Amino acid sequence: MTDTFTLAHLSDPHLPPLPAARLRDLAGKRVLGYLNWIRNRHKYHHREVLDALVADMQAQRPDHIAVTGDLVNLALEAEFAPAQAWLESVGTPQQVTVVPGNHDAYVRATRHHFAGTFEQYLRGDAETNGTRFPFVRRRGPLALIGVSSAVPTLPLMATGRLGRAQLDALDRHLAQMSADEAFRVLLVHHPLYSSSRMKRLTDSMALRAVLKRRGAELVLHGHDHIHSTMWLEGAGRQIPAIGVPSASALAHRHYPAAAYNLFSISREDGKWRCVQTVRGFGDHGDISELQHVRLS
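Rules used throughout
Residues numbered from 1 in each chain as written. Predicted model: local features only at pLDDT ≥ 70, side-chain atom pairs only at ≥ 80, totals over all residues. Heavy atoms only, no water. Salt bridge = Lys/Arg side-chain N within 4 Å of Asp/Glu carboxyl O. Helix = DSSP H or I, 4+ residues; strand = E, 2+ residues; numbered from the N terminus. Buried < 20%, exposed > 50% of the residue type's maximum accessible area, 1.4 Å probe, protein only. Axes fitted to C-alpha atoms, helices over the stretch in contact; angles between N-to-C directions. Parallel < 35°, antiparallel > 145°, perpendicular 65-115°, else oblique. Contact = heavy atoms within 4.5 Å. Nonpolar A, V, L, I, M, F, W, Y, C, P; charged D, E, K, R; others polar.

Visitor: Requested: an account of the pattern of salt bridges, with residues and values cited.
Guide: Counted under the stated rule, the structure contains 13 salt bridges. In this structure, the salt-bridge partner of Arg279 is Asp56, at a minimum N-O distance of 2.7 Å. Linking Arg279 in strand β11 (residues 271-281) with Asp56 in helix α2 (residues 47-59), this pair joins segments that are 223 residues apart in sequence. Each member of the pair Arg279 and Asp56 is classed as buried. In this structure, the salt-bridge partner of Glu181 is Arg267, at a minimum N-O distance of 3.8 Å. Of the two residues, Glu181 sits in the loop between α5 (164-177) and β6 (183-187) while Arg267 sits in strand β10 (residues 259-268), which places them 86 residues apart along the sequence. Here the salt bridges share partners, and the residues they tie into one network are Asp171, Arg213 and Arg214.

Below, the structure is given as structure tokens:
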């Protein structure tokens, strides 16, 4: 049995508070997003919730941390410096891997700010010329594969897309790693199944086809702000795809309060063993273990 490697996963911090917006910044889609924030979202995204959750996660001393997008809200230029400071407080680029969400590429004008700001957190081990998707980072027994589903969309839409170039490159990466003794973790913002036309990953069928052909050990995502476990067809075995609530949220409507995942990963008798622990805010307002389940 090899030593256990612990991977933490949080998503969708939607870093509050929203900075003051200039009138010229609130054109097009941002107008609706800004109104939604001041009328609704500010009520349940709280910085103290996020800070408490991160402190609890850091107390568990994970070996690595994955953040699956939506660090900002409207992709205002003024949002990226606070988001960078927050991510640096979570950990160094060696300790943390991040992929972008749809809110990080909210409008075309600032769609590339995320990659520029967080380049060190999403640069593959072999990359020397900036950020490229998909990227691959080896951490202990893990191969973390980051893809970007973040694309600007029309108002009221929150869809994502990988595109043919990323899908083809992902196919090659997974094929090359299939012979390695690596626990392959795919990081993507959008879930691979969605009942919402407005929030779905538009080329999810193509992504699932790649995973069915090449396999992976785990898929981590955000976007839906709920606890979720889906099982995908892989190369000879099913793949768990795990979602998590927003890391800054109070419980509201059907959305649960902030939580994060811990995955304890080890190799036993030539097979991978992965145990998921969910920690988050419970009914009494404190952070505790909410679930513990063996995935493989």
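Next comes the rest of the account.
Visitor: If you had to explain unusual backbone geometry to someone new, which residues and values would you point to?
Guide: With an omega of -5°, the peptide bond between Pro16 and Pro17 qualifies as cis. Omega for the bond connecting Phe133 with Pro134 falls within 30 degrees of zero, at -5°, which places this linkage in the cis form. When you line up the elements, Pro134 lands in the loop between α4 (113-117) and β4 (135-139). A positive phi is found at Asp70, a non-glycine position, where the angle reads about 55°. Secondary-structure assignment places Asp70 in the loop between β2 (64-67) and α3 (77-90). Backbone geometry places Leu156, a non-glycine residue, at a positive phi of 70°.

Visitor: Outline the packing of α2 against α3, supporting the account with residue identities and numerical values.
Guide: Across the interface, α2 lies against α3 with an axial gap of 11 Å and an inter-helix angle of 25°. The angle between the axes of α2 and α3 places the two elements in the roughly parallel class. Contacts between α2 and α3 involve Arg47, Leu50, Val54, Met57 and Gln58 from the former and Trp86, Ser89 and Val90 from the latter. Taken together, the residues of the contact of α2 with α3 sort by class into five nonpolar, two polar and one charged.

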